[in-house]
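Residue-level structure breakdown
Next come the chains, spelled out residue by residue.
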Amino acid sequence: MSDFEHSSSEKEARHIMPGRPWTPQEEPRQDALRRYLGAIAGAASARSTEESGRPHRGEDAEPPATAAPGPPAPEPAVLRVRDVMRVPAASVAGDMPFLDVAHTLAREQVSALPVVDSDDHVIGVVSESDLLAKAAVMAEPRRHGAVGRLWQHRLYDKSHGDTAATLMTFPPVTVHPEQRVADAAWTAAHGRLKRLPVTDHHGRLVGVVSRHDLLRALIRDDAEILAEVESLVGRHLLDPRAVEVTVENGVVTVAGKVKEADKALVPELLASVRDIDDVVGVIDNTEAA
């Protein structure tokens, strides 16, 4: 990821979660979010480069260079929404009463659920925020002053809703099973949505994908990165047991006392480690034995 993309990712991470108090877990969480947004930016950049290389309509493309016949190169695997979505997906009927919707959200331990009609078509999404508006008006139906009138005007529709269909947010933002995970991640990031209903070509609910599912699909965890780095150590160094590798939040540390022959190979090893996807930094703590 370039410095520009990294900076943009940091700004987006701060913009998405404004005013969040700092905790010991906050830095790893922010780092994971930056890596998530960086992965999305990288996927979008690759797609843009691919599209810019195609000839525009009406233009004659240059004939490809003649190459010796050989087996076709394998297509890179592309993760689709169908690969990471959860099935079956919980949902609520449009005529479900307010309290039953609240109980369903609590039982499913989710912050939002798709609202479907009798044919399983997704007609909206009802969330804790939608229910909170209703509950707030029920608790304090009248507020005085200009601010109170503005508050009540904004919540007017919600305060009169008694079912999922009258409380829900619509039209729903959905994704298709064949969409790329990177595209679904863009949709979730742009709309600041935690969960996306997955629908077929007829708009019927077939699954649901969460921001956590997309994050896991786009970013490998530290254990997976560690396994790849250790594999590189075994291929590059004459005595791989002389070094110890640790990975924390995408930052790889290589430490140990290595013999002179291996010390000369360390720069090449570190360069290979930096090329690993989702590695955000490399620290060299090796020294000559």
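Residues numbered from 1 in each chain as written. Predicted model: local features only at pLDDT ≥ 70, side-chain atom pairs only at ≥ 80, totals over all residues. Heavy atoms only, no water.

Thoughts on unusual backbone geometry
Rules: Secondary structure follows DSSP: runs of H or I at least 4 residues long count as helices, runs of E at least 2 residues long count as strands, and numbering of each begins at the N terminus. Each residue gets one of three labels from its accessible area relative to the maximum for its type: buried under 20%, exposed over 50%, partly exposed in between, using a 1.4 Å probe on protein chains only.
In this structure, the amide linkage connecting Val 87 to the following residue, Pro 88, adopts the cis form with an omega of -5°. In this structure, Gln 109 is a non-glycine residue whose phi angle is positive, near 55°. The backbone of Arg 192 sits at a positive phi, close to 50°, despite the residue not being glycine. Checked against the element boundaries, Arg 192 lands in the loop between helix 9 (181-191) and strand 4 (195-199). Among the residues examined, Arg 192 registers a relative accessible area of 44% and is labelled partly exposed.

A look at the sheet that holds strand 3 (residues 122-127)
What holds strands together in a sheet is hydrogen bonding between their backbones, with the strands either parallel or antiparallel. Condition: Whether two strands pair comes down to DSSP finding at least two bridges between them.
Taken together, three strands build an open sheet; the order of strands is 1-2-3 and the sheet is mixed. In the strand order of this sheet, the two ends are held by strand 1 (92-93) and strand 3, each with one partner. Bridge count for strand 1 against strand 2 (residues 112-116) is two bridges, and the pairing is parallel. Its bridge partner being in strand 2, Ala 93 is matched across the sheet by Val 116.

Considering the side chain of Ser 210
Inclusion rule: For the purposes of these results, a polar contact is taken to be a pair of N or O atoms within 3.5 Å, where, inside protein, one atom must be able to donate a hydrogen and its partner to accept one; residues adjacent in sequence count only when each atom of the pair is a side-chain atom. Residues count as neighbours in contact if any of their non-hydrogen atoms are within 4.5 Å of one another.
Assignment of secondary structure puts Ser 210 in strand 5 (residues 205-210). Judged by relative accessible area, Ser 210 falls into the buried class, the value being 9%. A polar side-chain atom of Ser 210 sits 2.9 Å from a polar atom in the side chain of Asp 213. If we ignore the near neighbours within four places in the chain, the residues touching Ser 210 are Arg 86, Lys 194 and Arg 195.

Focus: helix 9
Since there are 3.6 residues in each turn of an α-helix, residues three or four apart along the chain are aligned in direction. Turning to helix 9, its buried residues number three or more, namely Val 181, Ala 182, Asp 183, Ala 184, Ala 185, Ala 188 and Ala 189. Phi for Arg 192, located one or two positions after helix 9, is positive at around 50°.

Observations concerning the sheet that holds strand 8 (residues 281-288)
As a reminder of what qualifies: Here an angle of 0 to 180 degrees is reported between the N-to-C directions of two axes, which are lines fitted to C-alpha atoms, with helices fitted over the stretch in contact.
The three strands lie next to each other as 6-7-8, forming an open sheet whose pairing is mixed. A strand with exactly one partner marks an edge of an open sheet, and here the two such strands are strand 6 (243-248) and strand 8. Within the sheet, the average angular offset between the axes of one strand and its neighbour, ignoring direction, is 10°. Its contacts with the sheet place helix 11 (residues 222-236) against strand 6 and strand 7 (251-258), and it is angled at close to 155° to strand 6. Contacts between helix 13 (residues 266-274) and the sheet are confined to strand 7 and strand 8, with strand 8 contributing the most and set at about 165° to the helix.

Some points on the packing of helix 9 against helix 10 (residues 211-218)
Stated precisely, the cut-off is as follows: For classification purposes, angles smaller than 35 degrees are called roughly parallel, those larger than 145 roughly antiparallel, those between 65 and 115 roughly perpendicular, and all remaining angles oblique. Put simply, a crossing is left-handed when the front helix is turned counterclockwise from the back one by less than a right angle, and right-handed when it is turned clockwise. Three classes are used: nonpolar for Ala, Val, Leu, Ile, Met, Phe, Trp, Tyr, Cys and Pro, charged for Asp, Glu, Lys and Arg, and polar for all others, with Gly counted as polar.
Closest axis-to-axis distance for the helix 9/helix 10 pair is 10 Å, and the angle between their directions is 135°. Relative to helix 10, helix 9 is oriented oblique. As for how helix 9 packs across helix 10, the hand of that crossing is left-handed. Contacts between helix 9 and helix 10 involve Val 181, Ala 182, Ala 184, Ala 185 and Ala 188 from the former and Leu 214, Ala 217 and Leu 218 from the latter. For the contact of helix 9 with helix 10, the residue count by class is eight nonpolar, no polar and no charged.

Digging into the packing of helix 11 against helix 13
Between helix 11 and helix 13, whose axes approach to 10 Å, the crossing angle comes to 150°. If you check the angle between helix 11 and helix 13, you find them roughly antiparallel. Remark: the crossing between helix 11 and helix 13 carries right-handed chirality. Together, Val 229, Leu 232, Val 233 and His 236 of helix 11 and Glu 268, Leu 269, Ser 272 and Val 273 of helix 13 make up the contact between the two elements. A class-by-class count of the residues in the contact of helix 11 with helix 13 yields five nonpolar, two polar and one charged.

Here we look at the nonpolar core
Short version of the rule: The set of buried Ala, Val, Leu, Ile, Met, Phe, Trp, Tyr and Cys residues whose side-chain atoms join them within 4.5 Å is what this entry labels a nonpolar core.
One finds Val 229, Val 233, Val 252 and Val 273 to be the most contacted residues of the largest nonpolar core, which totals 18 residues. Contributions of two or more residues to this core are made by helix 11, strand 6, strand 7 and helix 13. Apart from residues no more than four positions distant in its own chain, Val 233 is found in contact with Pro 240, Val 243, Val 245 and Leu 269.

Let's talk about the pattern of salt bridges
The cut-off we apply is this: Definition used for salt bridges: Asp or Glu carboxyl oxygen within 4 Å of a side-chain nitrogen of Lys or Arg.
Throughout the structure, instances matching the rule amount to seven salt bridges. Salt-bridge contacts for Arg 107 lead to Glu 108; the nearest nitrogen and oxygen are separated by 3.8 Å. Judged by relative accessible area, Arg 107 falls into the exposed class, the value being 57%. For Glu 108, a relative accessible area of 35% gives the class partly exposed. Here Arg 180 makes a salt bridge to Asp 183, at a shortest N to O gap of 3.4 Å. Residue classification places Arg 180 among the partly exposed residues on the basis of a relative accessible area of 23%. Through salt bridges that share partners, Arg 82, Asp 83 and Glu 178 make up one connected network.

Geometry only, nothing functional implied.
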